[in-house]
Amino acid sequence: MASRKTTVPLLLVLLSLLLEFLIVKAVIIHPHDGYLDKACIEGERKALLEFKHGLKDPSGWLSSWVGADCCKWRGLDCNNQTRNVVKVDLRNRDYRYSKGLGGEISDSLLHLKYLSYLDLSSNGFQGIQIPNFLGSFERLRYLNLSNAEFGGTIPPHLGNLSQLRYLDLNGGYSYYSLTIGIYSLNWLSGLPLLKYLDLGNANLSKVTTNWMQPVNMLPSLLELHFLSCQLSDFSHYFDPNPFVNLTSLQVIDLSYNNFNTTLPGWLFNITTLRGLYLHNARIKGPIPYVNLQSLRTLITLDLSRNDIGSEGIELVNGLSICCNNSLEELYLGFNGLSGELPDSLGNFNNLRSLDLSYNSFDGPLPNSIQHLTNLESLDLSKNTISGSIPTEIGNLLWMKRLDLSFNLMNRTIPNSIGQLRELTELNLDWNSWEGVISEIHFSNLSKLEYFSLHLSPKTKKQPFRFHVRPEWIPPFNLKYIDISNCYVSPKFLSSNCLKTQKRLECIVLKNVGMLDTIPEWLWKLDLFRLDLSRNQLYGKLPNTISFSSNELVDLSFNRLTGRLPLWFNVAGLFLGNNLFSGPIPLNIGDSSSLEVLHVSSNLLNGSIPSSMSKLEGLMALDLSNNHLSGKIPKNWNDLHIPLAIDLSKNKFTGGIPSWMCSMYSVSWLKLSDNKLSGELSPSLQNCTRLYSLDLGNNRFSGEIPKWMGERMLSLRQLRLRGNMFTGDIPKRLCGLSDLHILDLALNNLSGTIPNCLGNLTDFTFMNLLAIGFYNDHDDNAHTVFSDHMELVVKGQDMEFGSILPIVNLIDFSGNNLWGEIPKGITNLSTLGTLNLSHNQLTGKIPQMIGTMQGLETLDLSCNRLSGLIPPSMSSITSLSHLNLSHNLLSGPIPLTNQFSTFNDPSIYEANLGLCGIPLSANCSTPNDQKHKDDHDGEEYEDGLYMTWFFISMGLGFPVGFWAVCGNLALNKSWRHAYFRFIDEAMDRLHVFIMVNMVHLKRKIERVGFHGWKEHGSALR
């Protein structure tokens, strides 16, 4: 407060000095009244006319350059004594709406010998080079050629302007600025008095010497601006010897470069530095260990959009000590900072603007924030800050902008926020607030212009309420209001809270539970956006309205009735999911400003009016899910930039007109669920930028064209199910590397499945590309077109919207495909749904199917697959839907992992060889199986021995027989000896038997029969 109390006397001093200056100037200008009648120098007048002659002046800016006294011409100043032209200021101050001057710059300007000021900025010279002769003005002190569309090389002749104090050659962001190049900065040494230097958007990447060396030779330099100069070397030229000649430098702007390094230490040695701008310069942590005391005069520090990381907290702590009285602006957004917000933030006594957005700060807001009593802007959006807003926030009486959006704050909003009398912008979006926000929160916010309370639609707890009395008249006059996904009163549209807001430009009241008609006063506001979607609004809309500007109107998802209105000066019209009926207005083409027309899911009938072809700027057209009929109009060649066309779920007949692909810009084409027929037109191959093609559930016939895989290389989604296509699946489709949805089900396709499908790379990694396009870059931007598609997943028809980019599906079911399932398909590791059912596939399920770890749905039913269920399939832990029924599979059903959850026997039915849970056919137990294996092993060994035994007998008999008998037959002496031996053996045996018989007879006679009998009994 003390600093503000000194403001009034300081202003008085400045006003007195200004008054003195004006009095002195008046004396100089009018020392003698005779000078007023003196005309300018004739030679200079002619030179200026010649200069004018070479220029293009479409806006007539130089129309005043007539008459004898050029000192009275627009943009010129003369010396009031000598009448020499000293100032030429032709800056285009209307650059937003006019390109200003163009043409050539004549060297006749060299006749202006006393010229000290030349400004040609913000004009349109369309790429001409900066003239060399500009380096010849000896007295020139100010030269500004910025944003004037100059190109080529910056002439080194400018180094001759030894009196120059101000040089601005910033090329801006035009096409021609890309051609501005500099190969040397040595010419800067000729500008010893230079105080301001801006070479922004010039290409300094090819400078032969270190860019900092010549800059260091400018001892008077106060401001250095090298924004977006393609610098990649953040010179450490002065390290470790930190001699810097820039003793007066106050501002350094090196934003939008590509340094990819840490901050050099010499930056912290410039004791005069007041502003340091390094936004989006690819600066990395850690912050060098330097003495920050040299930065005690620093007022602005911008290090946003870099990668400083956690080191940023230490920087804040250090600055809070050395710069606590000087620092007014601190920008550290987009830096990956994490942890809790430091208490040291409260030490910055004069801080006016603090931006820590898009980081990873967590925990609560520190209470020390209440000490930032001079704070005007606080942006903590896009973090994970939790807890509540400190009640002490009401102490920040100078606060103008407060943004806490996209955090995890989950308490009530304190009443003290209503004490911020200077507040103009309050953004509380995307948190989990509790309780109620009421009139007391706005009691003193008389300057509030922007209020946003767009909450997450997925909050499951008690919904947040915006509660004000219907008769309450707010103290503010809003321009922008966004209240979404919380409750307001059903008649909020008719309340004084809105009706009294006369300056409204944007109204968003989305999904807030309103049950009302749309009041007539609302149509009289000069809005650029009106979003009342997802409520229960009813009634009819005005038939014709002419808005003052290109407005975006979203009234979708309500209960509005009547005919479709015809409105003018509307850029985006969203009326889907209502109860509109009747035909589309015949003169719809008169709404020439329409860029987006969404009227899906209504009760519209009739045909598409031919006048719609007059909507030359139409980008997105959605007429889906109505009762429209007839043929799609043929002559729509006037549509220049359509990106999305959705005519699905109607009753259109005929074919696809050629105009749909006469513009290469078409990215989404959805014609499914109609009665379209015939072969696919060759004109479709001109849709080279097509992202999604959905022709499902029509009557198209013929073969799938091979050129789809050759020309439509951007295709990610192809849905042709439910038609009458014949022939093979083209192998050329394997060339669509970005394809992640391929649905060819329910056709008459035949042949084998191409093995090359395993080369579809988008099925091998997760694709998180955001689909859809928007009308601006705001986080709450309106979606112009959201991709969606109906697919059969887990046996059910499901419509996918926001998650469609991560849905990976192949569906070939209901065709006549034969052959084996190709092994290459197991390469598709992120494929989520594979449906090959109702075909004629044979062979075994690929053994490596377990590598498809992304599979959630697998349907191979109604084929002729055989063999075992591969054991690797049990490792697919994501599998939740399986159907293997009606095949020829055999063996036990796996019991581990996901298979233990498949308790429905129908998924295995009609496979007579399968057994195990959940089927009634039991397989052998593990022990029985072991005994059976052992028994089978023994039988096998016995059988093996018997086999070899009989083989040996078969071989041994002939060998033994011929070995003996063969020798006897062939050798006579052996034969006689053998038979002699046999005869002798027989004689000896006969003698032996006869002798023993005689002995036995004699013994029996001597003992008697009965004695022998008793003897025999005793022996027994």
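Heads up: these notes are all about the structure in this document.

Parameters at a glance
Residues numbered from 1 in each chain as written. Predicted model: local features only at pLDDT ≥ 70, side-chain atom pairs only at ≥ 80, totals over all residues. Heavy atoms only, no water. Helix = DSSP H or I, 4+ residues; strand = E, 2+ residues; numbered from the N terminus. Buried < 20%, exposed > 50% of the residue type's maximum accessible area, 1.4 Å probe, protein only. Contact = heavy atoms within 4.5 Å. Areas by Shrake-Rupley, 256 points an atom, 1.4 Å probe, with all protein chains shown as cover. Salt bridge = Lys/Arg side-chain N within 4 Å of Asp/Glu carboxyl O. Pairing = 2+ DSSP bridges. Phe/Tyr/Trp six-rings, centres within 6.5 Å; stacked < 30°, edge-to-face > 60°. Lys NZ or Arg CZ within 6 Å of the ring centre and 35° of its normal. 1 Å grid on protein atoms, 1.4 Å probe; cavity = no way out; pocket = protein on both sides within 12 Å on 5 of 7 lines; lining within 4 Å. Points joined across faces, edges and corners; volume = space filled by probe spheres on them. Nonpolar A, V, L, I, M, F, W, Y, C, P; charged D, E, K, R; others polar. Polar contact = N/O pair within 3.5 Å; in protein donor to acceptor, adjacent residues only side chain to side chain.

### Here's the deal with the overall build of the chain
Then comes step 1: Scanning the chain for helices and strands turns up 10 helices and 59 strands.
Then comes step 2: For the chain, with 1020 residues in total, the buried portion stands at 49%.
Then comes step 3: By sequence separation, contacts in the chain at least 24 residues apart represent 58% of the contacts at least 6 residues apart.
Then comes step 4: Accessible surface, the chain as shown: approximately 48,800 Å² in total, 54% of it carbon and sulfur.

### Comments concerning the pattern of salt bridges
Then comes step 1: Following the criterion strictly, the structure yields 20 salt bridges and no others.
Then comes step 2: Among the salt bridges present, the one from Lys649 reaches Glu790, with a minimum N-O distance of 2.3 Å. Linking Lys649 in the loop between β37 (644–646) and β38 (651–654) with Glu790 in strand β49 (residues 789–793), this pair joins segments that are 141 residues apart in sequence.
Then comes step 3: Glu790 sits in the partly exposed class, given a relative accessible area of 26%.
Then comes step 4: Of the charged contacts, one joins Arg732 and Glu710 as a salt bridge, the two residues approaching to 1.7 Å between their closest N and O atoms. Taken as a pair, Arg732 in the loop between β44 (724–727) and β45 (741–743) and Glu710 in helix α7 (residues 708–711) lie far apart in primary sequence, 22 residues in all.
Then comes step 5: Salt bridges here are not isolated pairs; linked through shared partners, they connect Asp379, Arg401, Asp403 and Glu425.

### Examining the pairing of β44
Then comes step 1: Here β44 shows a clear split, with Phe725 and Gly727 buried on one side and none of Met724 and Thr726 buried on the other.
Then comes step 2: Sheet analysis places strand β42 (residues 699–703) next to β44, joined by three bridges and oriented parallel. When the bridges of β44 are listed, Ser701 appears paired with Met724.

### Quick word on the packing of aromatic side chains
Then comes step 1: Applying the stated criterion to the full structure yields 21 aromatic pairs.
Then comes step 2: Consider the rings of Tyr166 and Tyr196, whose centres lie 4.2 Å apart with planes at 5°: the pair is stacked. Residue Tyr166 is located in strand β7 (residues 166–168), and its partner Tyr196 is located in strand β8 (residues 196–198); the two are separated by 30 residues in the primary sequence.
Then comes step 3: Seen from their ring centres, Phe442 and Phe476 are 5.6 Å apart, and the 70° between their planes marks the pair as edge-to-face. Pair noted here: Phe442 is in the loop between β22 (436–437) and β23 (450–454) and Phe476 is in the loop between β24 (465–466) and β25 (480–484), with a separation of 34 residues, a long-range link. An identical accessibility class is assigned to Phe442 and Phe476; each is buried.
Then comes step 4: Three or more aromatic residues joined by ring pairs form one cluster here, namely Phe442, Phe451, Phe466, Trp472, Phe476 and Phe492.
Then comes step 5: Looking at Lys382, its charged tip hangs above the ring of Phe406, at a distance of 3.9 Å from the centre.
Then comes step 6: One Lys or Arg, Arg534, reaches over the ring of Phe557 and ends 3.8 Å from the middle of that ring.

### A closer look at the sheet that holds strand β16 (residues 360–363)
Then comes step 1: Overall, parallel pairing links the four strands, which are arranged β14-β16-β18-β20 in an open sheet. In this open sheet, the two edge strands, each paired with only one partner strand, are β14 (338–340) and β20 (408–409).
Then comes step 2: Two strands pair when backbone bridges link them, and β16 and strand β18 (residues 384–387) are joined in this way by two bridges, in the parallel orientation. Each bridged residue has a counterpart across the sheet, and for Gly363 the counterpart in β18 is Ile385.

### Re empty space enclosed by the protein
Then comes step 1: Evaluated as defined, the whole model comprises four cavities of 30 Å³ or more.
Then comes step 2: Of the volumes computed, that of the largest cavity is approximately 60 Å³.
Then comes step 3: Along the walls of the largest cavity sit Ile130, Leu145, Ala148, Glu149, Phe150, Ile154, Leu169, Asn170, Gly171 and Ile180, which together make up its complete lining.
Then comes step 4: Here the lining of the largest cavity is composed, by residue class, of seven nonpolar, two polar and one charged.

### Quick notes on the side chain of Asp69
Then comes step 1: Tracing the sequence through the fold places Asp69 in the loop between β1 (55–56) and β2 (76–78).
Then comes step 2: Among the polar contacts made by the side chain of Asp69, one reaches the main-chain amide nitrogen of Cys71 at a distance of 3.1 Å.

Function cannot be inferred from these measures alone, as they are strictly geometric.
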